[in-house]
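# Structure at a glance
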Amino acid sequence: MMRETPDLLSSADRALVDGVLARQLRPLAKTITLIESRRDDHQARAHAVLEALLPHTGGAMRVGISGVPGVGKSTFIEALGLYLIEQGLRVAVLAVDPSSTLTGGSILGDKTRMELLSQNPAAFIRPSPSAGSLGGVAEKTRETLLVCEAAGFDVVIVETVGVGQSETAVSNMTDIFCLLQLPNAGDDLQGIKKGIIELADLVVVNKADIDLAAATRAQAQLKTALHMLRPASPNWSPPVLTLSALQKNGIAEFWATVCDYRAAMSRSGEFDAKRRHQAQAWMWDLIDAGLRARFRSHPQVRAELPVLTAAVERGDTTPAAAALRLLQHLN
Ligand code: GDP
């Protein structure tokens with residue numbers, strides 16, 4: 001446990017690593033705060049802490065949950081979390097919240113959500129980091145997920161709402177992506193038009209207690225819609241479940257389906273392959289972001305960019321020629 005990059009860690013950061021590995025919540029929260037900090041020195045420390053924690057990650061089932069506001073995400077996650085804790089598991093809940101990027105506020109970060117779960121010692125709930133681009137927020141959440149795994153959580157739930165980008169980000173960091181739907185009949189099943197449903201490994205029609213017939217109709221429609229898509233895996237056709245988060249009906253069936261998925265993907269080797277692919281894609285995201293930042297902060301690029309932008313707008317030069325000229329400064 002003490003052999004990973006010990007020379008990079010100060011004694012304070014070594015204490016953070018040891019505290020996280022000892023499953024203590026304060027060091028866990030402090031480590032996440034370090035990760036979310038925008039200060040360069042904090043980022044350097046966060047990287048070293050993460051490197052030290054990395055050998056202890058990978059042990060959780062990573063579950064993505066999405067759906068429009070009001071569909072019942074927090075009600076569902078609270079019911080699921082309490083169910084999992086009853087089964088002897090420890091549960092972390094993280095959020096990727098696009099609203100916090102746009103407004104500085106947060107839909108998902110509201111402290112009153114998941115009140116029972118947040119008071120449970122086997123649970124850890126962390127609202128979305130509230131600054132930066134969605135890319136930045138999602139990056140922090142990915143790193144936070146790893147820290148939670150090092151802290152021994154058996155299940156990490158990553159929740160998101162709304163715009164397509166955040167759903168893609170969450171599906172790219174989780175093992176199974178679950179989409180919650182309202183039992184609306186008709187054409188307006190949320191997410192079908194936006195292409196979100198293509199990301200789903202599992203679809204849940206919530207609020208079945210209000211009108212079971214409507215929920216069953218929605219289930220049939222969703223099954224038809226899913227049937228028309230090419231499944232991401234030849235070994236898994238995304239099922240559609242109905243449940244009531246409020247009445248805690250169907251929670252055990254939901255979890256059994258998640259476990260079925262894990263078993264099927266593990267048998268075929270796709271479970272690990274997906275994680276390897278996600279790690280690689282993550283690396284490339286970081287490379288792209290790093291190159292972009294380096295490009296934009298380059299003094300000659302900064303000097304020439306306004307001039308060349310104007311020239312492109314006027315039609316005095318082509319976008320390709322301008323791009324080539326600016327990119328040459330990176331050599
Ligand atoms: P979120 O915005 O997706 O997190 O949705 P919430 O969990 O806050 O739920 C929105 C509203 O729907 C709340 O008033 C919940 O009590 C209610 N709700 C959630 N799940 C159910 C359900 O299964 N049945 C019924 N009848 N209401 C529900």
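Below is a summary of the structure that appears in this document. (Residues numbered from 1 in each chain as written. Predicted model: local features only at pLDDT ≥ 70, side-chain atom pairs only at ≥ 80, totals over all residues. Heavy atoms only, no water.)

### A few points about the pairing of strand 6 (residues 202-205)
Short version of the rule: Partly exposed residues are those whose accessible area sits between 20% and 50% of the maximum for their type, while under 20% is buried and over 50% is exposed, using a 1.4 Å probe and protein chains only. We count a stretch as a helix when DSSP gives it H or I for four or more residues in a row; a strand needs E for two or more, and each element gets its number in order from the N terminus. When DSSP locates at least two bridges between a pair of strands, those strands are taken to pair.
Burial along strand 6 is two-sided: the residues Leu202 and Val204 and Val203 and Val205 are all buried. Sheet topology places strand 5 (residues 176-181) next to strand 6; 4 bridges connect them, and they run parallel. Its bridge partner being in strand 6, Leu180 is matched across the sheet by Val204. Where strand 6 and strand 7 (residues 240-242) come together, 3 bridges link them in parallel fashion. When the sheet's bridge partners are listed, Val205 is paired in strand 7 with Thr242.

### Focus: the site of the ligand
Operational definition: The nearness test applies per residue and asks whether one of its heavy atoms lies within 4 Å of the molecule or strand. Here a polar contact means two N or O atoms within 3.5 Å. Within protein one must be a hydrogen donor candidate and the other an acceptor candidate, and residues neighboring in sequence count only if both atoms are side-chain atoms. In this description, accessible areas are obtained by the Shrake-Rupley approach with a 1.4 Å probe, and a residue is regarded as covered only by the protein chains that are shown. For this scheme, ten residues count as nonpolar: Ala, Val, Leu, Ile, Met, Phe, Trp, Tyr, Cys and Pro. Four count as charged, namely Asp, Glu, Lys and Arg, and the remainder, Gly too, count as polar.
The ligand sits among 16 residues. The nearest are Gly70, Lys73, Thr75, Arg113 and Asp209. In this structure, an oxygen atom belonging to the ligand sits 2.6 Å away from a side-chain N or O atom of Thr75. In the environment of the ligand, an oxygen atom lies 2.9 Å from a nitrogen or oxygen atom belonging to the backbone of Ala245. In the complex, the protein chains occlude 73% of the 580 Å² of accessible area that the ligand would expose alone. Per-class residue counts for the shell around the ligand are 6 nonpolar, 6 polar and 4 charged.

### Examining the pattern of salt bridges
Heads up, the rule is: When a carboxyl oxygen of Asp or Glu lies within 4 Å of a side-chain nitrogen of Lys or Arg, that pair is called a salt bridge.
Inspection of the entire model under this criterion finds 11 salt bridges. For Arg39, the salt bridge identified is with Asp41, shortest N-O distance 2.6 Å. By relative accessible area, Asp41 is classed as partly exposed at 40%. Between Glu304 and Arg325 there is a salt bridge, with the nearest N and O atoms lying 3.4 Å from each other. Of this pair, Glu304 sits in helix 12 (residues 299-314) while Arg325 is found in helix 13 (residues 319-327), placing the two residues 21 residues apart along the sequence. Note on Glu304: relative accessible area 18%, which makes it buried.

### Some details on the pairing of strand 1 (residues 61-66)
Across the 6 residues that make up strand 1, a large majority, 6, are buried. The pairing of strand 1 with strand 4 (residues 155-160) spans 6 bridges and is classified as parallel. Looking at the pairing, Met61 lines up with Val155 of strand 4. In this structure, strand 1 lies alongside strand 5, joined through 4 bridges in parallel fashion. By the bridge assignment, Gly64 is partnered in strand 5 with Phe177.

### So, the environment of Leu212
Examined against the element boundaries, Leu212 turns out to sit in helix 9 (residues 212-228). It is 8.6 Å that separates the C-alpha atoms of Leu212 and Pro183, two residues lying 29 residues apart in sequence.

### Concerning empty space enclosed by the protein
For clarity, the cut-off: Grid points spaced at 1 Å and placed over the protein atoms alone form the basis of the search, with a cavity being a set where a 1.4 Å probe fits but cannot get out and a pocket an open set showing protein on both sides within 12 Å along at least five of seven lines. Lining residues have an atom within 4 Å of a point. Grid points are joined across faces, edges and corners, and a volume is the space filled by probe spheres set on the points.
The tally for this structure, following the rule as stated, stands at 2 cavities of 30 Å³ or more. In this structure, the second largest cavity spans a volume of roughly 30 Å³. For the second largest cavity, the full set of lining residues is Glu36, Leu94, Ala95, Arg126, Pro127, Ser128, Pro129, Lys140, Thr141 and Thr144. Contributions of two or more residues to the lining of the second largest cavity are made by strand 2 (91-96) and helix 7 (134-150). Element by element, the count of residues in the lining of the second largest cavity is highest for helix 7, at 3 residues.

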